Amino acid sequence: VNSSLQTLSLEGYSKNSNIRAAGFNAAGANALATALKVNASLRTLNLSHNCFGDAGATAFAATLNVNSTLKELNLTNTGLGSAGANALAAALHVDAFITELTLSENQGIGAASAIAFAAALHVNTSLQKLDLSGSMDIGDVGATSFAA
């Protein structure tokens, strides 16, 4: 077990060709999330442009409740929908460690999820950056929930 690895990037596309690679699915995300529950060194995890959707996001939400070292999680363009987003928002009610959560370019995140994130921010004092950019279904209701 590597006890010094602090940053891991498993992006699902090649930056040079801008072509999406196969990446990994929900089973891979679940396996990684399970391993993170006992990891005590990883601080930054970039899983952008993979295809694990709500099932993978829900697995990572459960990890946030027990992992105290992970500070930055990037789930950009991972097929996240309302179920996965709501699970992550619920985890933020408990998690006091993560400082940056990037969920950009996930078209399935809607107004209800934005409202759930806004509510989580009322109790979570550690999160410094939440990126929902490119989530087209948030709308005015979701956007204004952050002002309340």
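The preceding data block contains the structure.
The present account deals with the structure reproduced in this document.

About the thresholds
Along every chain, residues carry numbers that run from 1 in the direction the sequence is written. Given that the model is predicted, a residue must reach a pLDDT of at least 70 before its local features are reported, and side-chain atom pairs must reach 80 or more before they are shown or counted; all residues, however, enter totals for whole chains, interfaces and linings. Side-chain descriptors were evaluated using all non-hydrogen atoms of the structure, hydrogens and water having been removed beforehand. Here a strand is any run of E in DSSP of at least two residues, a helix any run of H or I of at least four, and the numbering for each starts at the N terminus. Our radius of gyration looks at C-alpha atoms and nothing else; its globule reference is 2.2 Å times the residue count to the power 0.38. Here the term buried applies to any residue with accessible area under 20% of the maximum for its type, exposed to any over 50%, and partly exposed to those in between, with areas from a 1.4 Å probe on protein chains only. Reported accessibility uses the Shrake-Rupley method at a 1.4 Å probe radius. Residues are deemed covered only where the shown protein chains occlude them. When charges are counted, Lys and Arg are positive and Asp and Glu negative, with His and the chain ends excluded. The location of each charge is read from NZ of Lys, CZ of Arg, CG of Asp or CD of Glu. By definition, the arc is the one covered by directions from the helix axis to the C-beta atoms. Polar contacts here mean pairs of N or O atoms no more than 3.5 Å apart (in protein, one a potential hydrogen donor and the other a potential acceptor; neighbouring residues in sequence count only if both atoms are side-chain atoms).

So, the overall build of the protein chain
Part 1 of the argument: A count of helices and strands for the protein chain gives 5 helices and 5 strands.
Part 2 of the argument: The linear arrangement of helices and strands in the protein chain, starting from the amino end, is β-α-β-α-β-α-β-α-β-α.
Part 3 of the argument: For 148 residues, the compact-globule formula gives about 15 Å, and the C-alpha radius of gyration of the protein chain, at 15 Å, lands near that figure.
Part 4 of the argument: Principal axes of the C-alpha set define a box for the protein chain whose edges measure 45 × 35 × 25 Å.
Part 5 of the argument: Within the span of the protein chain, comprising 148 residues, buried residues form 43% of the whole.
Part 6 of the argument: Within the structure as shown, the protein chain displays about 7,100 Å² of accessible surface, and the carbon and sulfur contribution to it stands at 55%.
Part 7 of the argument: Looking at the protein chain, you have 6 positive and 9 negative side-chain charges, and the mean spots of the two groups are 10 Å apart.

A look at helix α1 (residues 26-36)
Part 1 of the argument: Of the residues making up α1, those classed as buried are A29, L32, A33 and L36. For α1, the arc enclosing every buried residue in end-on projection is 100°, short of the 170-degree limit, so these residues lie on one face.
Part 2 of the argument: Two or three places before A27, at the start of α1, stands the capping residue N25, its side-chain oxygen 3.1 Å from that residue's backbone nitrogen.

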